Amino acid sequence: MTASSDRNLFHAFQAQFRRRAERVALTASDGTAVTYQDLDRVSAQIANMLTARGLRPGDRVSVQVAKSVPALGL
């Protein structure tokens, strides 16, 4: 990973998401499997929603939620 301002934690994971698209990234307590492709898709949806509300790359967003699979946006 470079020190460039266009890189962030998501970029560090993005290539892994594509290489492991169909692999299970996590399993919920109810047994529901979430793939890397699912995480990538939801991340893009959240990014698009934030952009539609006027946020730009570099803006910061804070969220306080209980730790759970639904909190990931799934």
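Here the structure is shown first, and the text comes after it.
The paragraphs below set out a description of the structure included in this document. (Residues numbered from 1 in each chain as written. Predicted model: local features only at pLDDT ≥ 70, side-chain atom pairs only at ≥ 80, totals over all residues. Heavy atoms only, no water.)

1. Quick notes on the overall build of the protein
A tally of regular secondary structure across the protein gives two helices and two strands. Going from the N terminus to the C terminus, the protein shows its helices and strands as α-β-β-α. Principal-axis analysis of the C-alpha atoms gives the protein an extent of 35 × 25 × 20 Å. Here the contacts in the protein between residues at least 6 apart in sequence split such that 32% fall between residues at least 24 apart. Carbon together with sulfur atoms contributes 52% to the accessible area of the protein, which is approximately 6100 Å² in total. Here the protein holds 10 positive side-chain charges and 6 negative ones, and the gap between their average locations is 5 Å. (Helix = DSSP H or I, 4+ residues; strand = E, 2+ residues; numbered from the N terminus. Contact = heavy atoms within 4.5 Å. Areas by Shrake-Rupley, 256 points an atom, 1.4 Å probe, with all protein chains shown as cover. Lys, Arg positive; Asp, Glu negative; His and termini not counted. Charge placed at Lys NZ, Arg CZ, Asp CG, Glu CD.)

2. Let's talk about a nonpolar patch on the surface
A surface patch of nonpolar side chains, about 280 Å² in accessible area, is lined by V61, V63 and V65. Locating V65 in the fold gives a position in the segment after α2 (36-52). (Patch = residues over 30% accessible without salt bridge, like charges linked within 9 Å, V, L, I, M, F, W, Y side chains within 5 Å. Salt bridge = Lys/Arg side-chain N within 4 Å of Asp/Glu carboxyl O.)

3. Considering the pairing of strand β1 (residues 24-27)
As paired elements, β1 and strand β2 (residues 33-35) share three bridges and run antiparallel to each other. Bridging from a neighbouring strand, V24 pairs with T35 of β2. (Pairing = 2+ DSSP bridges.)

4. A few points about the environment of D38
Here D38 is to be found in helix α2. C-alpha separation for the pair D38 and E22, spaced 16 residues apart in sequence, amounts to 8.7 Å. Ignoring sequence-local partners within four residues, the contact set of D38 consists of A33 and L74.

5. Considerations on the environment of G58
As for its placement among the helices and strands, G58 is situated in the segment after α2. Taking relative accessible area as the criterion, G58 reaches 72% and is therefore assigned exposed. (Buried < 20%, exposed > 50% of the residue type's maximum accessible area, 1.4 Å probe, protein only.)

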